[in-house]
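Single-letter residue listing:
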Amino acid sequence: MESVRWQLSDDCLTFYLHGRIDSMNAPDVEDEIVACCNDNPSARVVVDLDDLEYISSAGLRVILRLGKEHPNVVLRNASSTIYEVLDMTGFTELFEVTRAYRRISVDGCECIGKGANGMVYRIDPETVVKVYRNPDALPEIKHERDLARTAFVQGLPTAIPYDVVRVGDSYGSVFELLGSQSLAELLIEGKMSVGEVAHMSADLLKLIHATEVQDSEIPSERAVVLGWAEFLVDYLPKELSSKLCSLVSSLPETKHLIHGDFHIKNVMVQQGECLLIDMDTLCHGHPIFELASMYNAYVGFGETDASLVENFLGVPIEVAHELWDGSLRDYLGDVDEQVLHEVEEKAIIIGQMRIMRRAIRRTKNQAIIDKAREHLEELVPKYDTLEF
């Protein structure tokens, strides 16, 4: 039906109202809604008003009767005009009503960062927006905002989103980053050297890892990594997989913060000071987990195809390797080469677990799987702990 369509997902029945709902079409709309509800009696009911331009008293009575049959019905994405009607008629007191989000476009905007969960675009010199891949990303956005606030309260230099918007069929978080540039941009434009970027990265990492929290809402990275090790039990020799699980589970469960996706595109520089973005991976745990993630971003993901790292970071693979080496050296400080080499290999163990699991589950790339297995078979027998 042109004025209403519906979708059933995860036991949630969503009705999308379109155009005008008035005395002419309200009876047909109600018939469609009632029939769908009768076919799905146990489903939660949501009415999406994003495309609704006008609703008359006849249309309001349809919603009112729906609410009597389904007391927990939710009205979402009401435009300013529709919300005003609902508020004036008392519907905002009878139902849970959420306003529609402001719509923006990123067409022609520069992409300054990307990750597993979304892309970051610069809208103008003062504003960036992270657009989420998941079209139902509102819970993710709330989670990331809460994590960013936790980090900010703990004294970490963190960009806090101030608005949620619609971008096409997706959602985005808007950040005000006046005159800022990412470390990647500064490096590419020649405004900072590899050594300067590595030093700034290491200083920021030390600050993050020195921050201890008790917030139970911040996830444990050890639990995540142990999941990777347990996943690989079916793909590695028994003795190797058993030791891998033991190495991870024996790491201390610390409450020190970890960014979880630290690289040159997730650090913005504003008036000489760093600001962290992309905080949805914030967690707590041993710093070796952070170093493993960095190793993958700068080296690991590019081992079988250098373009994967080059396209992701925007720098040649040789520069990415220099960044990894320089950041690790500055982070560890005055240690001898043997210690540095051991820490790097421990990071590689964790990093290759993630790479192998990812390749098995997503790309099915046998070359990547074989290379990761080769690393694990070589390095895991050498160590009795992943601590440093």
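First, a word on what this report is: a plain description of the structure on this page. (Residues numbered from 1 in each chain as written. Predicted model: local features only at pLDDT ≥ 70, side-chain atom pairs only at ≥ 80, totals over all residues. Heavy atoms only, no water.)

### Section: the sheet that holds strand E5 (residues 96-99)
As summarised here, the arrangement of the five strands in space is E1-E2-E3-E4-E5, forming an open sheet in which the pairing is mixed. Each end of this open sheet is capped by a strand with a single partner; those strands are strand E1 (4-9) and E5. The average undirected angle you get between the axes of adjacent strands in this sheet is 20°. Examined bridge by bridge, strand E4 (residues 74-78) and E5 share three bridges and lie parallel to one another. Bridge pairing in E5 links Leu-75 to Val-97. Where helix H1 (residues 26-39) meets the sheet, its contacts fall on E1, strand E2 (12-21) and strand E3 (44-55), and the angle it forms with E2 comes to roughly 175°. Those strands touched by helix H3 (residues 80-88) are E3, E4 and E5, and its axis lies near 110° from that of E3. (Pairing = 2+ DSSP bridges. Helix = DSSP H or I, 4+ residues; strand = E, 2+ residues; numbered from the N terminus. Axes fitted to C-alpha atoms, helices over the stretch in contact; angles between N-to-C directions. Contact = heavy atoms within 4.5 Å.)

### Describing a positive patch on the surface
There is a patch of like positive charges on the surface, built from Arg-358, Arg-361, Arg-362 and Lys-364. Mapped onto the elements of the fold, Arg-361 is located in helix H13 (residues 337-363). (Patch = residues over 30% accessible without salt bridge, like charges linked within 9 Å, V, L, I, M, F, W, Y side chains within 5 Å. Areas by Shrake-Rupley, 256 points an atom, 1.4 Å probe, with all protein chains shown as cover. Salt bridge = Lys/Arg side-chain N within 4 Å of Asp/Glu carboxyl O. Lys, Arg positive; Asp, Glu negative; His and termini not counted. Charge placed at Lys NZ, Arg CZ, Asp CG, Glu CD.)

### Looking at the side chain of Glu-345
Tracing the sequence through the fold places Glu-345 in helix H13. Those residues in contact with Glu-345, other than ones at most four positions away along the chain, are Leu-379, Lys-382 and Tyr-383.

### Let's talk about unusual backbone geometry
Of note, Asn-77 is a non-glycine position whose phi angle comes to about 60°, a positive value. Within the element layout of this structure, Asn-77 appears in strand E4. The class for Asn-77 is buried, based on a relative accessible area of 4%. (Buried < 20%, exposed > 50% of the residue type's maximum accessible area, 1.4 Å probe, protein only.)

### Remarks on the sheet that holds strand E6 (residues 102-104)
Whether parallel or antiparallel, the strands of a sheet pair through hydrogen bonds between backbone atoms. Spatially, the six strands line up as an open sheet ordered E6-E10-E11-E9-E8-E7, and their pairing is mixed. The open sheet has two free edges, formed respectively by E6 and strand E7 (110-114), since each of these has just one partner strand. On average, each strand axis in the sheet is inclined to that of its neighbour by 35°, with strand direction left out of account. The sheet contact formed by E6 and strand E10 (residues 163-167) spans three bridges and is parallel. Considered in E10, the bridge of Arg-103 is made with Arg-166.

### Focus on the pattern of salt bridges
Following the criterion strictly, the structure yields 18 salt bridges and no others. For Arg-65, the salt bridge goes to Glu-30, with nearest N and O atoms at 2.7 Å. Note that Arg-65 is positioned in helix H2 (residues 57-69) and Glu-30 in helix H1, a separation of 35 residues in sequence. The residue Glu-144 makes a salt bridge to Lys-130 at a minimum N-O spacing of 3.0 Å.

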